[in-house]
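Per-entry structural report
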Amino acid sequence: MNIQKVEMFHVSMELVQPFHTHLETVKERPCIILKVTDETGISGWGEVVAFSSPWYTEETVDTAWHMLEDYFIPAIFKKEWLDPRAVLDTLDSWKRNPMAKAGLEIAIWDLFAKRAKQPLAKYIGGVREVVKAGVVVGVDTPERMIHTIQTRVEEGYQRIKVKIEPAKDYKMLMKIKNAFPNVDILADANSAYTLEDIERIKNLDSLGLLMIEQPLAADDLVEHALLQKELTTPVCLDESIVSYQDAKNAIRIGSCKTMSIKIGRVGGLRNAIAIHDLCMENDIPVWCGGMLEMGISRAFNIALATLPNFTLPGDISSSDRYWKKDITFPKVVVKNGEVKVSSNPGIGVEVDEEYVKKISLRTRSFFSKTT
Ligand SMILES: O=C(O)CCC(=O)C1=CC=C[C@@H](O)[C@@H]1C(=O)O
Ligand SMILES: [Mg+2]
């Protein structure tokens, strides 16, 4: 397969409600949409999930735009592609920048699945027709959070994720657990604690949380291992796992008992699948993390979550959770706590190209020199 054209769209949409963490409040969500077209005219779509500032990881929309236009896109015109797994062999000629690489690599996966006339879930070896839905409830007063959780539970979500930090943890979580004793609650700290807080974190152990996500700093694999030894609650790593080797090291030293896999954070779908397989071999259950994404990346998350070791509900919520109008259709709908996997070819959703162009802040097209 030869790539004939690549189109890049820097788009931005307002979230239906601001997304608060102790690090940042996201109101507007920019991202980069990629359309990759082959010699037969079939197109695959990708989405770069980097934020507008480096608060979550070091990448931003602007760093990704630069890496794509100056390095990654020119590189993919130079080869004939026989398998999407080979794309990262080329892109890894350059260091890091996982979200920029992933946005382009997944578009080529979508293209290959469409050429094979297969749904992406089937193309990557998925085993289920529906995936479990989980949702994040943003930071607010405990009363308002309890009201929102009640709504989300009535909508059928199987797992509720809340954000914590030292100033907002035990009391808030205890109120939530008392109000919803039978609902799985995940607490995501986004590295708000250090090992100095170990007694405070151990105090959370008594609450019966499903897991504590990323309590310590992203590069603290060893300290997470020391913490996990002191806790019965599973530690889940998110920001710490930005490569296959990170996952291998974390498992080897016992830094966590579960992982959130995000295609953008780990540098592409090939890496996400490899980390899934490694965790399965080591009895580490995984779930698909979210990135406040638009419909293209959400479609990839749904396909990824069909792999066998995605046994825990991920951040897979309805389109309406974040968007008044998404860039893809049909919308993702949660029914009885599940999302149906598309049986259409590739990512299984259509991209509203007119709307993408309408909300684009900048665009750029690249053509194969042989055209
Ligand atoms: O996309 C979703 O539904 C949840 C997203 C989410 O919780 C996060 C996205 C990006 C950074 C963080 O704030 C947080 C996470 O750490 O998982
Ligand atoms: Mg997280």
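In this numbering scheme, every chain counts its residues from 1 along its sequence in written order. Each chain takes a letter, starting from A, and each ligand takes a number, starting from 1, following the order in which they are written. The model is predicted, so local features are restricted to residues of pLDDT at least 70 and side-chain atom pairs to those at 80 or more, both for listing and for counting; the totals for chains, interfaces and linings are taken over all residues. Remark: hydrogens and water are excluded; side-chain values derive from all non-hydrogen atoms of the structure.

1. Some thoughts on the packing of helix 8 (residues 221–230) against helix 9 (residues 244–253)
The following threshold applies: Axis definition: a line fitted to C-alpha atoms, over the contacting stretch in the case of helices. Angles run 0 to 180 degrees between N-to-C directions. Think of it this way: any DSSP run of H or I at least four residues long counts as a helix, any run of E at least two long counts as a strand, and we number them from the N terminus. Put simply, a crossing is left-handed when the front helix is turned counterclockwise from the back one by less than a right angle, and right-handed when it is turned clockwise. Contacts between residues were defined by any pair of non-hydrogen atoms, one from each residue, lying within 4.5 Å. Three categories are distinguished: nonpolar for Ala, Val, Leu, Ile, Met, Phe, Trp, Tyr, Cys and Pro, charged for Asp, Glu, Lys and Arg, and polar for the others, with Gly belonging to the last.
Remark: helix 8 packs on helix 9, axes separated minimally by 9 Å, with the N-to-C direction vectors making an angle of 35°. Crossing hand, helix 8 versus helix 9: right-handed. Between helix 8 and helix 9, the contacting residues are Leu221, Val222, Ala225 and Lys229 on the first element and Asp246, Asn249, Ala250 and Ile253 on the second. The residue makeup of the contact of helix 8 with helix 9, split by class, is five nonpolar, one polar and two charged.

2. A short note on the sheet that holds strand 6 (residues 159–163)
Condition: In short, DSSP must find at least two bridges between two strands for them to pair.
The seven strands are arranged 5-6-7-8-9-10-11 in an open sheet whose pairing can be described as parallel. The sheet is open, and its two edges are formed by strand 5 (134–137) and strand 11 (286–288), each paired on a single side. In this sheet, adjacent strand axes meet at a mean angle of 30° when their direction is disregarded. Relative to strand 6, strand 5 is paired through four bridges, and the arrangement is parallel. Bridge pairing in strand 6 places Val137 opposite Val162. Sitting on the sheet, helix 10 (residues 269–281) touches strand 10 (258–261) and strand 11, and the angle it makes with strand 10 is about 165°.

3. Things to note about the site of ligand 1
Worth spelling out the cut-off: We call a residue near a molecule or strand when any one of its heavy atoms sits within 4 Å of it. Counted as a polar contact is a pair of N or O atoms within 3.5 Å, where, for protein atoms, one must be capable of donating a hydrogen and the other of accepting one, and residues adjacent in sequence contribute only when both atoms are in side chains. We get accessible surface area from the Shrake-Rupley algorithm with a probe of 1.4 Å; when it comes to residues, only the shown protein chains can shield them. Delimitation of the domains relies on an automatic or database domain assignment.
Near ligand 1 there are 20 residues, and of these Lys161, Asn190, Lys262, Leu292 and Tyr322 occur at the shortest range. A distance of 2.8 Å is found between an oxygen atom of ligand 1 and a side-chain nitrogen or oxygen belonging to Asn190. With respect to ligand 1, the backbone of Met291 contributes an N or O atom lying 3.2 Å from an oxygen atom. When ligand 1 sits alone it has 400 Å² of accessible area, and the protein chains cover 100% of it. Partitioned by chemical class, the residues of the shell around ligand 1 number eight nonpolar, three polar and nine charged. Among the domains, domain 1 (3–117 + 352–367) and domain 2 (122–340) are the pair contributing at least three residues each to the shell around ligand 1.

4. Structural notes on the domain arrangement of the protein
Just so we agree on the cut-off: Accessible area, probed at 1.4 Å, shrinks when two parts are joined; the buried area is that loss added up over both. The term salt bridge refers to a side-chain nitrogen of Lys or Arg lying within 4 Å of a carboxyl oxygen of Asp or Glu.
Split into domains, the protein comes out as domain 1 (3–117 + 352–367) and domain 2 (122–340). Distance between the C-alpha centres of domain 1 and domain 2: 23 Å. Contacts between the two partners involve 44 residues from domain 1 and, on the opposite side, 44 residues from domain 2. Between domain 1 and domain 2, roughly 3600 Å² of surface is buried when both sides are summed, and carbon and sulfur atoms account for 71% of that area. It is Phe19, His22 and Tyr56 that lose the most area in domain 1 upon contact with domain 2, and together they represent 18% of the buried surface on that side. Between the two partners, domain 1 and domain 2, sit three salt bridges. Note that Asp89 and Arg270 form a salt bridge whose closest N and O atoms lie 2.9 Å from each other. For the pair domain 1 and domain 2, the number of links is 18 residue pairs in polar contact (both at pLDDT 80 or more). Elements with a minimum of two residues in the side of domain 1 that touches domain 2: strand 1 (3–20), strand 2 (25–38), strand 3 (43–48), helix 2 (87–91), helix 3 (98–115) and helix 12 (353–358).

5. Examining the packing of helix 5 (residues 142–154) against helix 6 (residues 170–179)
In the contact formed by helix 5 and helix 6, the axes pass within 10 Å of each other and the chain directions differ by 35°. Crossing of helix 5 over helix 6 shows right-handed handedness. Between helix 5 and helix 6, the contacting residues are Pro142, Glu143, Met145, Ile146 and Ile149 on the first element and Met172, Lys175, Ile176 and Ala179 on the second. Looking at the contact of helix 5 with helix 6, its residues break down into seven nonpolar, no polar and two charged.

6. Things to note about the pairing of strand 1
Across 13 bridges, the pairing between strand 1 and strand 2 is antiparallel. Along strand 2, the bridge assignment pairs Phe9 with Ile33. Between strand 1 and strand 2, which pair antiparallel in sequence order, lie four residues. In this sheet, strand 15 (residues 360–367) lies alongside strand 1 in antiparallel orientation, the contact comprising seven bridges. When the bridges of strand 15 are listed, His10 appears paired with Arg362.

7. Digging into the UniProt feature "active site" (unreviewed entry) in the protein
Heads up, the condition is: UniProt positions are given in the numbering used here, feature names are shortened, and annotations may be inferred rather than shown by experiment.
Look at the UniProt record and you will see "active site" (unreviewed entry) annotated at Lys163 and Lys262. Considering the arrangement of structural elements, one finds Lys163 in strand 6. A polar contact is formed between the side chain of Lys163 and the side chain of Asp188, at a distance of 2.9 Å. Examined against the element boundaries, Lys262 turns out to sit in the loop between strand 10 and helix 10. Those residues in contact with Lys262 that lie beyond four places of it in its chain are Tyr56, Asp238, Gly289, Gly290 and Met291.

8. Examining the packing of aromatic side chains
Put simply, the rule is: Any pair of Phe, Tyr and Trp rings, taking the six-membered ring for Trp, is counted once the centres come within 6.5 Å. Such a pair is stacked with planes under 30 degrees apart, edge-to-face with planes over 60 apart, and tilted for the rest. In this analysis the charged atom, NZ for Lys or CZ for Arg, is taken to sit over a ring once it is within 6 Å of the ring centre and within 35 degrees of the ring normal.
Evaluated as defined, the whole model comprises seven aromatic pairs. An aromatic cluster of three or more residues is present, and its members are Phe51, Trp55 and Tyr56. Lying over the aromatic face of Trp287, Arg159 brings its terminal NZ or CZ to 4.9 Å of the ring centre.

9. Looking at the confidence of the model for the protein
One rule of thumb: low pLDDT means the predicted coordinates there are not for detailed reading. Quick reminder of the rule: What pLDDT conveys is the predictor's confidence in a given residue, as a value from 0 to 100.
Averaged over all residues, the pLDDT of the protein equals 97, while 99% of them reach at least 70. For this predicted complex, the interface confidence reaches an ipTM of 0.98, while the overall pTM sits at 0.97.

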